[in-house]
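Here is what each chain is made of, one letter per residue.
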Number of protein chains: 2
Amino acid sequence: MSDVAEPMGLVHLLRALTVELDLFGAEFAARNGLHPTDLRALIHLLDAARAGEVVTPGRLGEALGLNSAGTTGLVDRLERLGLIRRERDPQDRRRVRLLVEQRAMEMGEGFFGGLIGDLVAAMQQFGPGELETARRFLTAMTGVVTAAREK
Amino acid sequence: MSDVAEPMGLVHLLRALTVELDLFGAEFAARNGLHPTDLRALIHLLDAARAGEVVTPGRLGEALGLNSAGTTGLVDRLERLGLIRRERDPQDRRRVRLLVEQRAMEMGEGFFGGLIGDLVAAMQQFGPGELETARRFLTAMTGVVTAAREK
DNA sequence: AGCAAGTATCTCGCTGAGCGAGAGAAGAGT
DNA sequence: ACTCTTCTCTCGCTCAGCGAGATACTTGCT
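Note that this is a predicted model, so its numbers are computed, not measured.

Regarding the environment of Leu83(A)
Residue and element names in this part refer to chain A.
Then step 1. With respect to the helices and strands, Leu83 occurs in the loop between helix 4 (68-80) and strand 1 (84-88).
Then step 2. For Leu83, a count of 24 C-beta atoms within 10 Å translates into the label buried.
Then step 3. Remark: the alpha-carbon pair of Leu83 and Leu10, spanning 73 residues in sequence, is separated by 38 Å.
Then step 4. The residues touching Leu83, leaving out its near neighbours within four places in the chain, are Leu42, Leu78, Glu101, Arg103, Ala104 and Met107.

Here it is, written out as structure tokens:
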């Protein structure tokens, strides 16, 4: 136990970063007439669309920790805003496919685009070795949190 | 545009980390009968208490992005749960000081203590220079997000 | 085939977090 | 004195999300 101030400072930095990112998301959402949940849903839907996966209300609700009633309300909101579209699955007609509209992709661009550009620009200050260290560090920390959630 | 995969990977890592930390917090909150906002407030209050700073409802609400009515409700909830206590500031009697109760400290210790310990343990894999790089990196990224929020 | 059991989604009624507007109380400037 | 500003709280409201249950469709069993 030689230097405990150093790691604790890093822990607080990690937390400060997540707080800032959360607030950024909340403010973006509010500016676009969305709720934080709507934005999280949109991110999930855009990620899935990019990966070519089919998302149903059930899967979306599970990913966001909502029950079925809340999920229906969420999908209603997103559909009313013209961000997604419902479509019955012809294979299994109990299912509903959630299709992302063009408008949602543009909104996602608006959200990530600017911030990602700034983040990448800030990374230019760091050398390749330093970025590699940062990558290993973030990977290690993410692993710890994931492991802590599962026990 | 030589190597865009490296910084993008880091951006996704940052997002993955915040998602994991959010989920961890949400699960902890739900297990203790709190709402996400209550937990964020508690973290803010514990940090301020450790730094010896006085927190008022106004400051707390500003930090969490709530208006005055929402802040009063939040403080009411935390007080009802026995986590904090209101106390009029004798210097400026318009103000109310929010005092953290023992119970709140124990709650924070109990559940975040384990995670912090794991995080610090994982940091032992990294050398002092690497930790310093990680610190600079996180500081830079947090700064970018903060700056993006303010414009 | 027919019918129970399971699955996916939606409807209904309700609770409560958070908002806008503004009241009340205390300090600061003139 | 008397405005002006600051800090907190009250009132009434909206709406996200919950629990319970209805509905529509599929699957498995006999």
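Observations concerning the protein's contact with DNA strand C
Then step 1. Around DNA strand C, 24 residues are found, and the nearest of them are Thr56(A), Gly58(A), Ser68(A), Ala69(B) and Gly70(B).
Then step 2. At the level of elements, helix 3 (57-64) and helix 4 of chain A together with helix 4 (68-80) of chain B are the ones that each hand at least two residues to the surface near DNA strand C.
Then step 3. When residues in the surface near DNA strand C are grouped by element, the largest group, six residues, is from helix 4 of chain B.
Then step 4. In terms of residue class, the surface near DNA strand C is built from seven nonpolar, 10 polar and seven charged.

Thoughts on the protein's contact with DNA strand D
Then step 1. Taken together, 24 residues form the shell around DNA strand D, and within it Ala69(A), Gly70(A), Thr56(B), Gly58(B) and Ser68(B) come nearest.
Then step 2. Those elements giving two or more residues to the surface near DNA strand D turn out to be helix 4 of chain A together with helix 3 (57-64) and helix 4 of chain B.
Then step 3. Residue contributions to the surface near DNA strand D peak at six residues, all from helix 4 of chain A.
Then step 4. In the surface near DNA strand D, the residues fall into seven nonpolar, 10 polar and seven charged.

So, the interface of chain A and chain B
Then step 1. Residue-level contacts link 44 residues of chain A with 44 residues of chain B.
Then step 2. Secondary structure elements with two or more residues in the side of chain A that touches chain B: helix 1 (5-31), helix 5 (102-123) and helix 6 (128-149) of chain A.
Then step 3. With 17 residues, the single largest contributor to the side of chain A that touches chain B is helix 1 of chain A.
Then step 4. Class assignment of the residues belonging to the side of chain A that touches chain B gives a composition of 27 nonpolar, nine polar and eight charged.

A word on the relation of the copies chain A and chain B
Then step 1. With an RMSD of 1.2 Å, chain A superimposes on chain B once it is rotated by 179° and translated 0.7 Å along the axis. These values place the two chain copies in the arrangement generated by a two-fold rotation axis. Looking at the rotation axis and the C-alpha trace of chain A, the residue lying nearest is Ala134(A), at 2.1 Å.
Then step 2. The share of interface residues of chain A whose copies in chain B are also at the interface is 100%, consistent with both copies meeting through the same surface.

Section: the nonpolar core
Then step 1. Core analysis: the biggest nonpolar cluster contains 30 residues, and Ala134(A), Leu138(A), Met141(A), Ala134(B), Leu138(B) and Met141(B) have the highest contact counts within it.
Then step 2. Within the residue set of this core, elements represented by two or more residues are helix 1, helix 5 and helix 6 of chain A together with helix 1 (5-31), helix 5 (102-123) and helix 6 (128-149) of chain B.
Then step 3. No other element matches the eight residues that helix 6 of chain A contributes to this core.
Then step 4. Apart from residues no more than four positions distant in its own chain, Ala134(B) is found in contact with Leu10(A), Thr133(A), Ala134(A), Phe137(A) and Phe126(B).
Then step 5. Ranked by size, the runner-up nonpolar core spans 14 residues in total, among them Phe28(B), Ala41(B), Leu45(B) and Leu78(B).

Calculation criteria
Residues numbered from 1 in each chain as written. Chains lettered and ligands numbered in written order. Predicted model: local features only at pLDDT ≥ 70, side-chain atom pairs only at ≥ 80, totals over all residues. Helix = DSSP H or I, 4+ residues; strand = E, 2+ residues; numbered from the N terminus. Buried ≥ 20, exposed ≤ 12 C-beta atoms within 10 Å, placed from the backbone. Contact = placed C-beta atoms within 7 Å. Near = placed C-beta within 6 Å. Nonpolar A, V, L, I, M, F, W, Y, C, P; charged D, E, K, R; others polar. Least-squares fit on C-alpha atoms with pLDDT ≥ 70 in both. Core = buried A, V, L, I, M, F, W, Y, C linked by C-beta atoms within 7 Å.

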